[in-house]
2 protein chains.
Amino acid sequence: MIPAELIKRKRDGLSLPREDLKQFIQDYVNGTVTDYQMAALLMAIYFNGMTDDELFSLVEIMLNSGERMDFSHLDSYVADKHSTGGVGDKVSIILGPLLAAAGLAIPMISGRSLGHTGGTLDKLETIPGFQVDVSLAEFKRLVETVGIAMIGQTSEICPADKKMYALRDVTGTVESIPLICGSIMSKKIAEGIRGLVLDVKVGNGAFMKNYHDAQRLGNMLQRVGRAFDVTTDVVYTSMNQPLGRTAGLWCEVNEAIEALKGDGPEDLLTVTFELGARLLMQAGKGNNRDEAIDLQKELIRSGKAYETFLNMVAAQHGRPDEVERHASLHQPRHKTAVQANRSGTITKMDTYHIGLATVELGSGRKKTTDRLDPTAGIEFLRKIGDEVQTGETLFYCFNSDQRKLQSALRILEETVTIEDSPANHRLILSKA
Amino acid sequence: MIPAELIKRKRDGLSLPREDLKQFIQDYVNGTVTDYQMAALLMAIYFNGMTDDELFSLVEIMLNSGERMDFSHLDSYVADKHSTGGVGDKVSIILGPLLAAAGLAIPMISGRSLGHTGGTLDKLETIPGFQVDVSLAEFKRLVETVGIAMIGQTSEICPADKKMYALRDVTGTVESIPLICGSIMSKKIAEGIRGLVLDVKVGNGAFMKNYHDAQRLGNMLQRVGRAFDVTTDVVYTSMNQPLGRTAGLWCEVNEAIEALKGDGPEDLLTVTFELGARLLMQAGKGNNRDEAIDLQKELIRSGKAYETFLNMVAAQHGRPDEVERHASLHQPRHKTAVQANRSGTITKMDTYHIGLATVELGSGRKKTTDRLDPTAGIEFLRKIGDEVQTGETLFYCFNSDQRKLQSALRILEETVTIEDSPANHRLILSKA
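Since we're looking at a predicted model, the values are computed, not measured. (Residues numbered from 1 in each chain as written. Chains lettered and ligands numbered in written order. Predicted model: local features only at pLDDT ≥ 70, side-chain atom pairs only at ≥ 80, totals over all residues. Heavy atoms only, no water.)

A. Just the interface of chain B and chain A, in detail. Facing 22 residues of chain B, the contacting portion of chain A comprises 22 residues. Of all residues in chain B, B:Arg11, B:Tyr36 and B:Phe47 give up the largest surface area on contact with chain A, accounting jointly for 35% of the area buried on that side. The interface formed by chain B and chain A includes 4 salt bridges. Close ionic contact of A:Arg11 with B:Glu175 constitutes a salt bridge, the shortest N to O distance being 2.7 Å. Linking chain B with chain A are 8 residue pairs in polar contact (both at pLDDT 80 or more), by the criterion used here. Among the elements of the structure, α1 (3–11), α3 (35–48) and α8 (159–170) of chain B are those that each provide at least two residues to the side of chain B that touches chain A. (Contact = heavy atoms within 4.5 Å. Buried area = accessible area lost by both parts, 1.4 Å probe. Salt bridge = Lys/Arg side-chain N within 4 Å of Asp/Glu carboxyl O. Polar contact = N/O pair within 3.5 Å; in protein donor to acceptor, adjacent residues only side chain to side chain. Helix = DSSP H or I, 4+ residues; strand = E, 2+ residues; numbered from the N terminus.)

B. Quick peek at the relation of the copies chain B and chain A. It takes a turn of 180° to lay chain B on chain A, together with a shift of 0.0 Å along the axis; the resulting RMSD is 0.0 Å. Interpreted geometrically, this transformation is the action of a two-fold axis. For chain B, the minimum C-alpha distance to the rotation axis belongs to B:Tyr36 and amounts to 1.8 Å. The share of interface residues of chain B whose copies in chain A are also at the interface is 100%, consistent with both copies meeting through the same surface. (Least-squares fit on C-alpha atoms with pLDDT ≥ 70 in both.)

C. Representation of helix α10 (residues 211–227) of chain A within the structure. Residue and element names in this part refer to chain A. Between its terminal C-alpha atoms α10 stretches 24 Å, which fits the 24 Å expected from 17 residues at 1.5 Å a residue. Among the residues of α10, those classed as buried are Ala-214, Leu-217, Gly-218, Met-220, Leu-221, Gln-222, Val-224 and Gly-225. On its buried face, α10 sits against α4 (52–64), α9 (177–190), β4 (195–202) and β5 (231–238). Measuring from the side-chain oxygen of the N-cap residue of α10 to the backbone nitrogen of His-212 gives 3.1 Å; that N-cap residue is Asn-210. Positive phi shows up at Asp-229, right after α10, with a value of about 60°. (Expected span 1.5 Å × (residues − 1). Buried < 20%, exposed > 50% of the residue type's maximum accessible area, 1.4 Å probe, protein only.)

D. Seen up close, the packing of aromatic side chains. Under the criterion given, the structure shown has 11 aromatic pairs over all chains. Their ring planes at 5° and their centres at 4.2 Å tell us that A:Phe47 and B:Phe47 sit as a pair that is stacked. A residue pair is termed interchain when its members come from two chains, as with A:Phe47 in helix α3 (residues 35–48) and B:Phe47 in helix α3. Residue classification places A:Phe47 among the partly exposed positions, given a relative accessible area of 25%. (Phe/Tyr/Trp six-rings, centres within 6.5 Å; stacked < 30°, edge-to-face > 60°.)

E. Examining the sheet that holds strand β12 (residues 416–419) of chain B more closely. All names here are of chain B. Pairing within the open sheet is antiparallel, and its 3 strands lie in the order β10-β8-β12. In this open sheet, the two edge strands, each paired with only one partner strand, are β10 (387–388) and β12. Strand direction decides the pairing type here: strand β8 (residues 344–349) and β10, joined by 2 bridges, are antiparallel. Each bridged residue has a counterpart across the sheet, and for Thr-345 the counterpart in β10 is Glu-387. (Pairing = 2+ DSSP bridges.)

F. Geometry of the side chain of A:Thr347. All names here are of chain A. By the secondary structure assignment, Thr-347 is in strand β8 (residues 344–349). A polar contact is formed between the side chain of Thr-347 and the side chain of Glu-419, at a distance of 2.7 Å. Ignoring sequence-local partners within four residues, the contact set of Thr-347 consists of Ile-384, Thr-417, Glu-419, Ser-421, Pro-422 and Ala-423.

G. How the structure looks around the domain arrangement of chain A. Parsing chain A into structural domains produces domain 1 (3–48), domain 2 (79–160 + 180–323) and domain 3 (330–419). Summarising the inter-unit geometry, the C-alpha centres of domain 1 of chain A and domain 2 of chain A are found 33 Å apart. (Domains from an automatic or database assignment.)

H. Representation of the environment of A:Asp35 within the structure. Looking at where A:Asp35 falls in the secondary structure, it is placed in helix α3. Overall, A:Asp35 belongs to the partly exposed group, its relative accessible area being 30%. Along the primary structure A:Asp35 and A:Leu167 are separated by 132 residues, whereas in three dimensions their C-alpha atoms are 7.4 Å apart. Filtering out sequence-adjacent residues up to four positions away, A:Asp35 remains in contact with A:Tyr28, A:Lys163, A:Leu167 and B:Tyr36.

I. Up close: unusual backbone geometry. Residues and elements named next belong to chain A. Although it is not a glycine, His-317 adopts a positive phi angle of roughly 70°. Relative to the helices and strands, His-317 is located in the loop between α14 (304–315) and α15 (320–324). Owing to a relative accessible area of 52%, His-317 belongs among the exposed residues under this scheme.

J. The arrangement of the sheet that holds strand β9 (residues 377–380) of chain B in detail. All names here are of chain B. The strand order β6-β9-β11-β7 describes an open sheet built from 4 strands, whose pairing is antiparallel. Each edge of the open sheet carries a strand with a single partner, namely β6 (246–248) and β7 (334–339). Here the average twist between neighbouring strands, direction ignored, is 15°. As paired strands, β6 and β9 are joined by 3 bridges and run antiparallel to one another. Residue Ala-247 lies in a different strand from β9, and its bridge partner there is Ile-378. Running over the sheet, helix α11 (residues 250–260) touches β6, β9 and β11 (393–399) and is turned about 140° from β6. Sheet strands touched by helix α16 (residues 351–363): β6, β9 and β11. Its angle to β9, the strand with the most contacts, is close to 135°. (Axes fitted to C-alpha atoms, helices over the stretch in contact; angles between N-to-C directions.)

Next up, the structure:
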């Protein structure tokens, strides 16, 4: 395998022999193939894609580059949920404990905020004391005893992916469907799960702007799942507006807690239950979707889901007493209301710019060294389909840094479209 | 200018702001932009091309990265010739001295063998004592006194190009028309020339396989020439068979000497005179093509062209006495004749594989550390259009390494097509 020749093959749209690609990636991990050769290959992949065979090789090498967890000794159905990223998406924080309460084992490795989208880890870390940096041995013990643990990526899981992702980030090669797919699936498969449900976000606040691209990704994710014996369901949900009532850090955790205590907004619960139903059915809990959704409602009503959440918090060194006073925690120093400048129906929300505004407020990072502001976020009083009057408050914008607040408000200008025509919005697009 | 953002713009087919591209390349030269970011940009350029404005910026930065020669104090017309590379192409060795004999000043910086194509420097170095590594000050003095010097690329001329070319070589990004164009033109413009003629090779032994691609390159080269005030003519010539009687190292120098002494093969002289005529007309020597061609014939007939060649050899520490006994120099230890296996007309020659066979014989390098064999080469007795009988010798293959000779003969199998139909071959395709 001559690296430059392999790059040329991909550049010219030819398929790569399995063993050659493996060699290239392995040599990259051990340093024989250089960063610049991998960067050139990644850009060629961006343009010419990957065959399934190439993608499976990529996933296999990423898996073999590190530890692969094993939960086969457990009776519980071991599963995870993953979202391709959005604004206001706090589903994991609700669904993880909910599924653990249903008897599933959930070894969830999550990510940080990325671009305009929020990150589960950054949100969880606003819980006083909560630790997401946990050794794999401890992670395993938590899953076995509490039924769930939510941690950050460790250097033991798919180090090849970590190295490649860092390179993609600085070489303009993040937005490649097969590379995104390989990165997601290798990390999930390494968790040792039997089942997986993927929330593929589609819309103006998602990485996939249209259903066609989302489906390409979704189908590819399922083919990888099948190749590695992980039962994989996909739900396509809209990211044409933020999910739920809030987008930010603590405000989202607070909303997730409210949802676990029985007071979640409808759209957030719909997505949560839809995803949860897929895994419950995989696990043989509930004969059909309706039963699986009812089971989840009951686990919230009974308090079991919230109890499991508190157990998880305690197990990961968080303080349940602080969680209990959630409504008064992390109060922002500054808060501004933004009003409707005309009457009509909200027909569109520019979710990408709303996401960028949350980053500007302090909920995300523009560079890796940026410090986050747990008090920062946006609360939406009105969303698509709602009728509003001139002067009525559309959303609150808040944080503890006046300058950043002003700059976020400028980004938020004209992100909400009010028209006379009725709105057209569908939350669950399809399932596979 | 954020490097990853600039890469993404090119990746997405958007044009790059002039200042941003300049910054990126300058930062690459000084090490702030990394090899892997440049590799990703180069691959994106491979797929999405460059605008003229981007290309001019690239050339400008390459020029500014090193020394730029100045011959404006000379009365002579300062000019150069460049070929995009072929098999058996020894035109520079004839045309350089010929034009110097006509009173032009020729500061020629040439290259080494590349892929399947020969390199002028490697050929010149088979002249006993001949030095191609010459300081820029010495180079200048030689051009001023002898009228010509033929040297290798120095680290003072376009170091940015050198750095980028080395990266392209190992990242599968050599074959990009704008990058090829930028690399050629920056080095030629740095020579301080007023005029340039480009021999753009087209055919199965050239980098450009078809006339359409060749024209894209030729037009681009001319636009860059115009932008930097270098009068630039282009001649498109066929590389569907080797040029002249030989391909290799010393055998090509020997053929060039024979041509300078009045015994050159017709196709070689046709290309040489066609290119020479363009520069002579640029310089105001000869009122039209016919006059310019006659002038060249006269300079050969009178011995002035060969005399200038000997002067150049002597000035660059070569030994004119060795040149004088050229026919007996560098005799190969092994020589094999290859015969026609049927009667008919030669209709095709697979020039790419013939070029690869010369590399295998020892006339070119497969890796930079390979040692060349001055005795190696191929002599063609018959070429396209010739009628041959079964058993008649088509070419001789020779060198001083029996094993390599055998392996070259295997590459040469079926490189000559003999058919009953007449052949169709045109040498000069067009001029611009």
